[in-house]
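# Architecture and fold: a report
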Amino acid sequence: MKITSIRPWLLVLILGLAVNTYAGPTDLLRQAYGELASADHDYKGHRLAAMKKIDEAGKLLGVKLHGDGKDHEKQGISDEHLRIAQGLLGQAASGLSGKALKRVQAAERDLSVALSVK
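Description of the structure in this document. (Residues numbered from 1 in each chain as written. Predicted model: local features only at pLDDT ≥ 70, side-chain atom pairs only at ≥ 80, totals over all residues. Heavy atoms only, no water.)

## Topic: helix H5 (residues 98-116)
To keep things clear, this is the line we draw: Only DSSP runs of H or I reaching four residues or more are called helices, and only runs of E reaching two or more are called strands; each is numbered from the N terminus. The length a helix should cover is 1.5 Å for every residue beyond the first. For each residue, the accessible area found with a 1.4 Å probe, counting protein chains only, is set against the maximum for its type, and the residue is called buried under 20%, exposed over 50%, and partly exposed in between. Only heavy atoms matter for contacts: two residues are in contact if any of them lie within 4.5 Å across the pair.
Here H5 is 19 residues long and its end C-alpha atoms lie 28 Å apart, about the 27 Å a rise of 1.5 Å per residue gives. Among the residues making up H5, those that are buried are Ala-100, Leu-101, Val-104, Ala-106, Ala-107, Asp-110, Leu-111, Ala-114 and Leu-115. If you follow the buried residues of H5, they end up packed against helix H2 (25-38), helix H3 (46-60) and helix H4 (75-93).

Structural data, given as structure tokens:
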């Protein structure tokens, strides 16, 4: 299969998974935040709510997160960014506890709602 025949969202998913193989919770939070920042803004506030919760978790862990990307991608690609972010948060949650864990779990719930928005 030629690389040009791979669907763009699949390539994003594969690259996202490859990057995280040995990342710790704070790295995973940064990556998840970045995925959401580059996604489209069409999720009735749920994408932004998840970003705020990830930022809160980051602050609890001493990690500064910032930015809200201005990309406006096709919906399928944007949805994949949200799914990748969900996976990253799930990985990060396994290494967290207390308030940071609660914020990350709340962000995961926001992303589930966001992905149900059509």
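## Brief notes about the nonpolar core
Our working rule: Within this scheme, the nonpolar core is defined by two criteria: the residues are buried Ala, Val, Leu, Ile, Met, Phe, Trp, Tyr or Cys, and they are joined through side-chain atoms within 4.5 Å.
Leu-29, Leu-36, Ile-54, Leu-82, Leu-89, Val-104 and Leu-111 are the most contacted members of the largest nonpolar core, which has 29 residues in total. Sorting the residues of this core by element identifies H2, H3, H4 and H5 as the ones contributing at least two each.

## Some remarks on the pattern of salt bridges
Worth spelling out the cut-off: Salt bridges, as used here, are contacts in which a Lys or Arg side-chain nitrogen is within 4 Å of a carboxyl oxygen on Asp or Glu.
On inspection of all chains with the given rule, the structure shows 5 salt bridges. Here Arg-103 ties to Glu-56 by a salt bridge, and the two come within 2.9 Å at their closest N and O atoms. Here Glu-56 lies in helix H3 and Arg-103 lies in helix H5, a separation of 47 residues in the sequence. Taking the relative accessible area as the measure of exposure, Arg-103 reaches 28% and is therefore partly exposed.

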